[in-house]
Amino acid sequence: MKKFLLALLILLLVFLGLTYWSISIGPSELFISKVIPSEISSGRFQDGDRVTAVATNRYEANAIKRFMQGDNYREAWEAPVQAEIFLLDSFTIQEEGGGNQTKSLKIVGKDGALYSLRSINKDPSPLIPEVAKTLGLENIVVDGISAQHPYGAVLAAALADAAGILHTHPKIVFVPRHDAMGKYSKKYGNRLFLREYETEGKVNWTSYNNVDKIVETDELQEMKINLKEALHIDHQKLVRARLFDLLIGDWDRHTKQWGWVIQQRGQNKVAIPLPGDRDNAFFRINGVIPTILTNHLVQPMVRPFEKDIDHIPGFVYPFDVYFLKDVPRQIFIEEAQYLQQHLTDTEINKALEAWPQSLVQLNGNEIASKLKHRRDKLQEYAIEFHEEINKKEPLSGPLKGSEDVELPANLQKCFECR
């Protein structure tokens, strides 16, 4: 017994030693959104020009760090990509936005459409727990961003086109410092962004006709109070969108990441789901520490993008219970079949063309192989997803982002209770 405890102690000390060694490893000189060649002057940039840029070298790692904290998408973060120069001369900056990791600017075009400039580089400092700071382990959280593909949203959008699912049309752009940025120039200038539509607004930029507006979930709930039975969710489209999330491994799909396109159909209005924020699509994580932390017994809702989905319950959000509880099983099966029929091998391979060639060479084959395997098992996943949703009790509190909406009891529990 003493020998066992001694061996266990030695293993623990080795683990701690390797952990602290790994978090000490990083670039000697950090850069963010580096343009290549670096001697290009920002004063020479013109709207629509193209530059080659690298997101960051923050996730540089040697063999020890890769063993302890994973390979993840480190090479993709340092891959040179083509980006279009985007100047804000014809746009109005409305406000800063973003969540816990992504910093963004909401901007309005001349046509009144609302866009967002979402930073490709992330700042997870708000997510670092105090205990990690006390123990000097902040780098584990910071380095965890390397599990996100910096340009995954672009590939997800191309796949969504083939799947008949709305998306926000993300585009890789480089925003140099220039006068139109005003007070935001220092903080946001000379950076890589994804420019995309916001999941709200009065201008219809989608392919749907007879659209009143695009709203977020809290406004949708307020509309439901007034319109009652004259407002419905397009359950087929929502189920399809959620099964697509499973397919691309996007595990972070809370309520605030959805908009709704409000379409007039006869005397009624129908809300068509509009997914946004694809930061965690194709989430690739490995290494000793992340594998422990993302085990479904430790953190069930952080799911790695592997060939097989290992824990369907980790994909079920209160959002799903609110909008999809009691939706017939057959709809889940039909939509899984739809995705299988439309996301063929040819369409998946074609979607990769939306990426710069440097990314295709790095990650294309691996991601395509996993997508095809998941697609082939999608009906099985859809049935289990439906079962897991219906195991949940109806909500007893408001959805995230709807805390300030005064809802009647039935509408707080679910959107269309049966």
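Residues numbered from 1 in each chain as written. Predicted model: local features only at pLDDT ≥ 70, side-chain atom pairs only at ≥ 80, totals over all residues. Heavy atoms only, no water.

## Side note on the pattern of salt bridges
The criterion, for reference: When a carboxyl oxygen of Asp or Glu is within 4 Å of a side-chain nitrogen of Lys or Arg, the pair counts as a salt bridge. Strands here mean DSSP runs of E at least two residues long; helices mean DSSP runs of H or I at least four residues long; both are numbered from the N terminus. For every residue, the accessible area obtained with a 1.4 Å probe (protein chains only) is divided by the maximum for its type, and the residue is called buried under 20%, exposed over 50%, and partly exposed between those limits.
In the structure shown here, the tally under the stated rule is 32 salt bridges. Across the pair Asp143 and Lys65 runs a salt bridge whose closest N-O atoms are separated by 3.8 Å. Separated by 78 residues along the polypeptide, Asp143 in helix H5 (residues 138-143) and Lys65 in helix H2 (residues 63-69) bring together distant segments of the chain. Accessibility expressed as a relative area gives 2% for Asp143, which makes it buried. According to the relative accessible area criterion, Lys65 is buried, its value standing at 1%. In this structure, Asp245 and Arg242 form a salt bridge, with 2.7 Å as the shortest nitrogen-oxygen distance. With Asp245 and Arg242 both in helix H9 (residues 235-248) and 3 residues apart, the pair spans about one turn of that helix. Asp245 sits in the buried class, given a relative accessible area of 0%. In this structure Arg242 comes out as buried when scored by relative accessible area, which is 1%. Through salt bridges that share partners, Arg242, Asp245, Asp250, Arg253, Arg278 and Asp320 make up one connected network.

## Details of the side chain of Ser402
Put simply, the test is: Contacts between residues were defined by any pair of non-hydrogen atoms, one from each residue, lying within 4.5 Å.
Within the secondary structure, Ser402 sits in the loop between helix H15 (378-391) and helix H16 (409-413). Residue contacts for Ser402: discarding those within four places in its chain leaves Asp218 and Gln221.

## Overview of the environment of Tyr115
Let me state the cut-off plainly: We call two N or O atoms a polar contact when they sit within 3.5 Å, provided that within protein one can donate a hydrogen and the other can accept it, with sequence-adjacent residues counted only if both atoms are side-chain atoms.
Residue placement: Tyr115 occurs in strand E6 (residues 114-119). The exposure class of Tyr115 is buried, given its relative accessible area of 13%. Expressed as a C-alpha distance, the spacing of Tyr115 and Thr52, which sit 63 residues apart in the sequence, is 23 Å. Among the polar contacts listed, one links the side chain of Tyr115 to the side chain of Tyr197, at a separation of 3.5 Å.

## Comments concerning the pairing of strand E5 (residues 103-108)
Convention followed: Note on pairing: DSSP must find at least two bridges between two strands before they are called paired.
Bridge analysis of E5 against E6 gives 5 bridges, and the strand direction is antiparallel. Its bridge partner lying in E6, Ile107 is registered against Tyr115. In textbook terms, the turn of a hairpin is the stretch between consecutive antiparallel strands, and for E5 and E6 this stretch comprises 5 residues, one of which, Gly112, has a positive phi near 90 degrees.

## Quick notes on a negative patch on the surface
Note the threshold: Patches were defined on residues exceeding 30% relative accessible area and lacking a salt bridge, with like-charge contacts within 9 Å and nonpolar side-chain contacts (Val, Leu, Ile, Met, Phe, Trp, Tyr) within 5 Å. Only the protein chains shown count as cover for residues, with accessible areas throughout obtained via the Shrake-Rupley method and a probe of 1.4 Å. Positive residues here are Lys and Arg, negative ones are Asp and Glu, while His and the chain termini are left out of the count. Here the site of a charge means NZ on Lys, CZ on Arg, CG on Asp, or CD on Glu.
Among the surface-exposed residues, Asp47, Asp49, Asp89 and Asp179 lie close enough to one another that they form a single negatively charged patch. Summarising the element assignment, Asp179 is placed in the loop between strand E7 (171-175) and helix H7 (185-188).

## Brief notes about the nonpolar core
The cut-off we apply is this: Among buried residues, those of type Ala, Val, Leu, Ile, Met, Phe, Trp, Tyr and Cys that are joined through side-chain atoms within 4.5 Å constitute a nonpolar core.
Residues Leu159, Leu220, Trp260, Phe282 and Phe323 are the most contacted members of the largest nonpolar core, which totals 91 residues. For Phe282, the contacting residues outside a window of four places in its chain are Tyr73, Ala147, Gly152, Leu155, Ala156, Leu159, Ile248, Gly249, Phe305, Ile367 and Leu371. If you look at the next biggest cluster of nonpolar residues, it comprises 15 residues, including Phe91, Ile107, Val173 and Tyr188.

## Things to note about H15
Quick reminder of the rule: Working rule for helices: expected span equals 1.5 Å times residues minus one.
Compared with an ideal rise of 1.5 Å per residue, which puts 14 residues at 20 Å, H15 spans 20 Å between its outermost C-alpha atoms and is within 8% of the ideal. Contacts from the buried residues of H15 go to H9, helix H11 (318-324), helix H12 (329-342) and helix H14 (357-376).

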